[in-house]
Amino acid sequence: MNKYLSSPIGRLRLLALLEGSSLLFLVFIAVPLKYLWDIPEGSQFIGPIHGALFLLFVMSTLNVAIEQSWKFTQITWKVLIACIIPFGTFYIDHKILKKIQKEESKV
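Visitor: Which residues make up the confidence of the model for the protein chain, and what are the values?
Guide: Looking at the protein chain as a whole, its pLDDT mean stands at 92, while 98% of the residues score no less than 70. Taking the mean pLDDT of every element in the protein chain, the minimum, 75, falls on helix α1 (residues 2–5) and the maximum, 95, on helix α3 (residues 41–68).

Next comes the structure, spelled out in structure tokens:
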């Protein structure tokens, strides 16, 4: 857990995992419950949580991008697009953010 809380990129990775998990829960569990079985409580509960995590992820991405001087066309836009695609944040964490954190910890 320390690897996630020790740096801004680590916190971004943690937010990516939380935001991605909330999106998957919303899309694959809460929404089907609401529309197939008329049980809206899951969407009512997880919807605002996912919205807050989404906004935190976007703000954190922009903050880290500015701090790390990321080029928008190389990294930032990929990370931002990932948060609207199911499984996208997990992919970006594995392909981009994890490698950046490893490089950062070597320095």
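Visitor: So what about the packing of aromatic side chains? Which residues, and what values?
Guide: Taken as a whole, this structure holds one aromatic pair when the rule is applied. Their ring planes at 35° and their centres at 6.3 Å tell us that Phe28 and Phe87 sit as a pair that is tilted. Note that Phe28 is positioned in helix α2 (residues 8–37) and Phe87 in the loop between α4 (72–82) and α5 (88–106), a separation of 59 residues in sequence. Residue Phe28 shares its accessibility class with Phe87, and that shared class is exposed.

Visitor: How would you summarise the pattern of salt bridges if you had to cite specific residues and measurements?
Guide: Per the stated rule, a full pass over the model turns up one salt bridge. The closest approach of N and O atoms between Arg13 and Asp93, which form a salt bridge, is 2.5 Å. With Arg13 in helix α2 and Asp93 in helix α5, this pair connects stretches of sequence that are 80 residues apart. Judged by relative accessible area, Arg13 falls into the buried class, the value being 4%. Asp93 sits in the buried class, given a relative accessible area of 8%.

Conventions we followed
Residues numbered from 1 in each chain as written. Predicted model: local features only at pLDDT ≥ 70, side-chain atom pairs only at ≥ 80, totals over all residues. Heavy atoms only, no water. pLDDT = per-residue confidence, 0-100. Helix = DSSP H or I, 4+ residues; strand = E, 2+ residues; numbered from the N terminus. Phe/Tyr/Trp six-rings, centres within 6.5 Å; stacked < 30°, edge-to-face > 60°. Buried < 20%, exposed > 50% of the residue type's maximum accessible area, 1.4 Å probe, protein only. Salt bridge = Lys/Arg side-chain N within 4 Å of Asp/Glu carboxyl O.

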